[in-house]
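Listed below are the residues making up each chain.
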Amino acid sequence: MEAAITILALFLVAFVALGVYATVKAVGAAKRGVDRTITQARRTVEDTTLRAKSFGQTGVAGELAQLRLALRTSMRATQDALHAGVAEDASLAESVALFRRLSEHGLELDDELKRLEREPDRATVAGLLPKLKERTQRITHSAESLRWAARDRARQFADDDLDALNAQIDIEAGALRHWTVEEPSGASGAGASASTPDHGPGTDWPEPAASADPAAGTADQAWSGPAREESPQAITAPDPRLRTTYPWQKSTRPETTN
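About the thresholds
Residues numbered from 1 in each chain as written. Predicted model: local features only at pLDDT ≥ 70, side-chain atom pairs only at ≥ 80, totals over all residues. Heavy atoms only, no water. Helix = DSSP H or I, 4+ residues; strand = E, 2+ residues; numbered from the N terminus. Buried < 20%, exposed > 50% of the residue type's maximum accessible area, 1.4 Å probe, protein only. Areas by Shrake-Rupley, 256 points an atom, 1.4 Å probe, with all protein chains shown as cover. Patch = residues over 30% accessible without salt bridge, like charges linked within 9 Å, V, L, I, M, F, W, Y side chains within 5 Å. Salt bridge = Lys/Arg side-chain N within 4 Å of Asp/Glu carboxyl O. Lys, Arg positive; Asp, Glu negative; His and termini not counted. Charge placed at Lys NZ, Arg CZ, Asp CG, Glu CD. Expected span 1.5 Å × (residues − 1). Bend = angle between axes of the 7 residues up to and from the residue. Contact = heavy atoms within 4.5 Å. Phe/Tyr/Trp six-rings, centres within 6.5 Å; stacked < 30°, edge-to-face > 60°. Lys NZ or Arg CZ within 6 Å of the ring centre and 35° of its normal. Core = buried A, V, L, I, M, F, W, Y, C linked by side-chain atoms within 4.5 Å. Polar contact = N/O pair within 3.5 Å; in protein donor to acceptor, adjacent residues only side chain to side chain. Axes fitted to C-alpha atoms, helices over the stretch in contact; angles between N-to-C directions. Parallel < 35°, antiparallel > 145°, perpendicular 65-115°, else oblique. Left-handed = near helix turned anticlockwise from the far one by under 90°. Nonpolar A, V, L, I, M, F, W, Y, C, P; charged D, E, K, R; others polar.

## A closer look at the overall build of the protein chain
Within the protein chain, the regular secondary structure consists of six helices and zero strands. Counting helices and strands in the order they occur from the N terminus, the protein chain gives α-α-α-α-α-α. Considering the protein chain as a whole, with its 258 residues, one finds that 16% of them fall into the buried category. When the accessible surface of the protein chain is totalled, it reaches about 21300 Å², and 59% of it is carbon and sulfur.

Next comes the structure, spelled out in C-alpha cells:
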C-alpha cells in the first residue's frame, strides 16, 4: 500500500513539474511574440515618420531622414534575403556572419543619425553630412553586394535545376515517341538471318549417325523412316531321313517296277 502511494505521489510531482515547464515555455514564447510585434510596429512607425520627413522637410533634417531611410531599407532587405537563403543553402552561413558584423556598423550609424536629428546646431550637422553620406553609402553598398550575391547564387541554382529537368523531360519525351523511329529493313533482315539457323525444308531433325549397336540402330530407324526389306531366302526341302519316326506311323513301302 505504501509503495502504491509513493508511486502516485511521484506521478503527481512529475505531472506538476511538466505543467510548470510547459507554462514557462508558453509564456516565454508569447512574450517573444509580443516583443517581436512591438518591435515590428515601432519599425513601421519609424519608417513611416522618416519617409514623411524625407519628403516633407528640406535642409539638414530632410537629408538626415533620407540617409536613415536608405540605410534601414537596405539593411532590412539584405537581412530578409540572407535569412531566407540560409535555410536552403548552408553555404550562406558565412555571409550571414559578415552581415551581422556589418549590422553593428549600421546600427551605430543609425543611432548617430538619430541623435543628429535632435541637434540644435544645424551648421555643425551640415558640416558632418558629407562624411555621414559617405559612410552610409559604404554600408549600403556592402549590404547590397551581399544581397545580390545571394540572389544570384539562388538564381543560378534554380537555372541549373531547370536545365537538368529539361534534359530529363526531353529524354522521357523521346522514349515515349519510340514508335516513330523506323529501323532499316536491311538491318532487320540481317538480324533475322543471323538469329535463324540455315535449315532446308524437311530437315527439322538431324540424320542419325551410324552406330554399331543394333538396338541403337533400331531406335534411330524410328526417326529416319521405314526399315529396309530383306532379300527373300530359298526354301529347302526337309530330309526324310532326318525325320523323327513314331511307333504309330506305318513304314513306307518301296515302289516296284513292272
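Here the narrative resumes, following the displayed structure.
## Points about a negative patch on the surface
On the surface, a cluster of negative charge is contributed by Asp-159, Asp-160, Asp-161 and Asp-163. Take Asp-160: it is sitting in helix H4 (residues 122-176). A relative accessible area of 39% places Asp-160 in the partly exposed class.

## Comments concerning H4
The terminal C-alpha atoms of H4 lie 76 Å apart, and with 55 residues this matches the ideal 81 Å at 1.5 Å per residue to within 8%. Of all bends in H4, the biggest is about 40°, found at Leu-129, and the proline Pro-130 comes one to four residues later. Every buried residue belonging to H4 is among Val-125, Leu-129, Leu-132, Thr-136, Ile-139, Thr-140, Ala-143, Leu-146, Arg-147 and Ala-150, and all of these are buried. Tucked into the core, H4 has its buried residues touching helix H2 (60-86) and helix H3 (93-117).

## Concerning the packing of aromatic side chains
Summed over the entire model, instances satisfying the criterion amount to zero aromatic pairs. One Lys or Arg, Arg-151, reaches over the ring of Trp-148 and ends 5.0 Å from the middle of that ring.

## Brief notes about the nonpolar core
If you look at the biggest cluster of nonpolar residues, it comprises 20 residues, and the most contacted ones within it are Leu-64, Met-75, Leu-109, Leu-113, Leu-129, Leu-132 and Ile-139. Here this core takes seven residues from H4, the largest share from any one element. Setting aside chain neighbours within four positions, we find Leu-109 in contact with Leu-71, Leu-132, Arg-135, Thr-136 and Ile-139.

## So, the side chain of Thr-140
Assignment of secondary structure puts Thr-140 in helix H4. Using a relative accessible area of 12% as the deciding quantity, one classes Thr-140 as buried. A polar contact is formed between the side chain of Thr-140 and the backbone oxygen of Thr-136, at a distance of 2.9 Å. Sequence-distant contacts of Thr-140, that is, excluding residues within four places in its chain, are made with Ala-70, Leu-71 and Ser-74.

## Section: the packing of H3 against H4
The geometry of H3 relative to H4 is characterised by a closest axis approach of 10 Å and an angle of 160° between their N-to-C directions. The angle between H3 and H4 falls in the class roughly antiparallel. Read as a crossing pair, H3 and H4 show a hand that is left-handed. Across from Ser-95, Phe-99, Leu-102, His-105, Gly-106, Glu-108, Leu-109, Glu-112, Leu-113, Leu-116 and Glu-117 in H3, the residues of H4 making contact are Arg-122, Val-125, Leu-128, Leu-132, Arg-135, Thr-136, Ile-139, Ser-142, Ala-143 and Leu-146. Among the residues making up the contact of H3 with H4, the classes are represented as eleven nonpolar, five polar and five charged.

## Some words on the packing of H2 against H4
Contact geometry for H2 and H4: axes closest at 9 Å, N-to-C directions at 20°. The orientation of H2 relative to H4 falls into the category roughly parallel. As H2 runs across H4, the sense of the crossing is left-handed. When the residues that make up the contact of H2 with H4 are grouped by side-chain class, the tally is 17 nonpolar, four polar and six charged.

## Description of the pattern of salt bridges
Should the charged atoms of two oppositely charged side chains come close, the side chains can pair. The full count for this structure, using the stated rule, is eight salt bridges. Between Lys-133 and Glu-63 there is a salt bridge, with the nearest N and O atoms lying 3.9 Å from each other. Of this pair, Lys-133 sits in helix H4 while Glu-63 sits in helix H2, and the two are 70 residues apart along the sequence. Owing to a relative accessible area of 34%, Lys-133 belongs among the partly exposed residues under this scheme. Here Glu-117 and Arg-68 are joined by a salt bridge, their closest N and O atoms 3.3 Å apart. Pair noted here: Glu-117 is in helix H3 and Arg-68 is in helix H2, with a separation of 49 residues, a long-range link. The exposure class assigned to Glu-117 is buried, which follows from its relative accessible area of 17%. Take Arg-68: its relative accessible area is 4%, and that puts it in the buried class. Via salt bridges that share partners, Arg-68, Arg-72, Asp-110 and Glu-117 belong to a single interconnected network.

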